[in-house]
Amino acid sequence: MCIRDRNNLKRDSGKYIGNILSEDRTLNSFLISDNKIGTEGVAYLCSALKNNKSVAFFGLCNHFCANIDKNGIEIEGAKHVGELLLKNSSITSLAFCTIAKSR
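Residues numbered from 1 in each chain as written. Predicted model: local features only at pLDDT ≥ 70, side-chain atom pairs only at ≥ 80, totals over all residues. Heavy atoms only, no water.

Looking now at helix H1 (residues 11-23). Taking 1.5 Å as the rise per residue, H1 with 13 residues should run 18 Å; its terminal C-alpha atoms sit 19 Å apart, in good agreement. If you check which residues of H1 are buried, you get Ser13, Gly14, Ile17, Gly18 and Leu21. For H1, the angular spread of buried residues about the axis comes to 135°, placing them on one side. Across from the buried face of H1, at angles greater than 90 degrees, the exposed residues are Tyr16 and Glu23. (Helix = DSSP H or I, 4+ residues; strand = E, 2+ residues; numbered from the N terminus. Expected span 1.5 Å × (residues − 1). Buried < 20%, exposed > 50% of the residue type's maximum accessible area, 1.4 Å probe, protein only. Arc of directions from axis to C-beta.)

Running from amino to carboxyl end, helix H2 (residues 38-49) crosses helix H3 (residues 74-87) at an angle of 5°, the nearest separation of the two axes being 9 Å. By the angle between their axes, H2 is roughly parallel relative to H3. Along the contact surface, H2 presents Thr39, Val42, Ala43, Cys46 and Leu49, while H3 presents Glu74, Glu76, Gly77, His80, Val81 and Leu84. (Axes fitted to C-alpha atoms, helices over the stretch in contact; angles between N-to-C directions. Parallel < 35°, antiparallel > 145°, perpendicular 65-115°, else oblique. Contact = heavy atoms within 4.5 Å.)

A separate point is the environment of Ala95. Residue placement: Ala95 occurs in strand E4 (residues 93-97). Its relative accessible area of 18% is what places Ala95 among the buried residues. Taking C-alpha positions, Ala95 is 7.9 Å from Phe57, a pair spaced 38 residues apart along the chain.

Pasting the structure below:
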């Protein structure tokens, strides 16, 4: 599943997509890019994926924003991804793009 190109998804979208991911057992890759799901949205996605053993690829691209007001994922979101990887060994590939935060 690929969700990209500025669909204007926000943190609540992460919650709804997370609900789908927690139930789906056929999806083997998931990429979401160019949206503003923020740290809370990432937390929802990671929580859903902790018990999903079918997803082998997880990608988050262009969510890390230079400005906190843009709802970027920031460091806390990266921590959620790290916790996910500790809990779910079926995720063997991970993509992070544009992860730097300017000061």
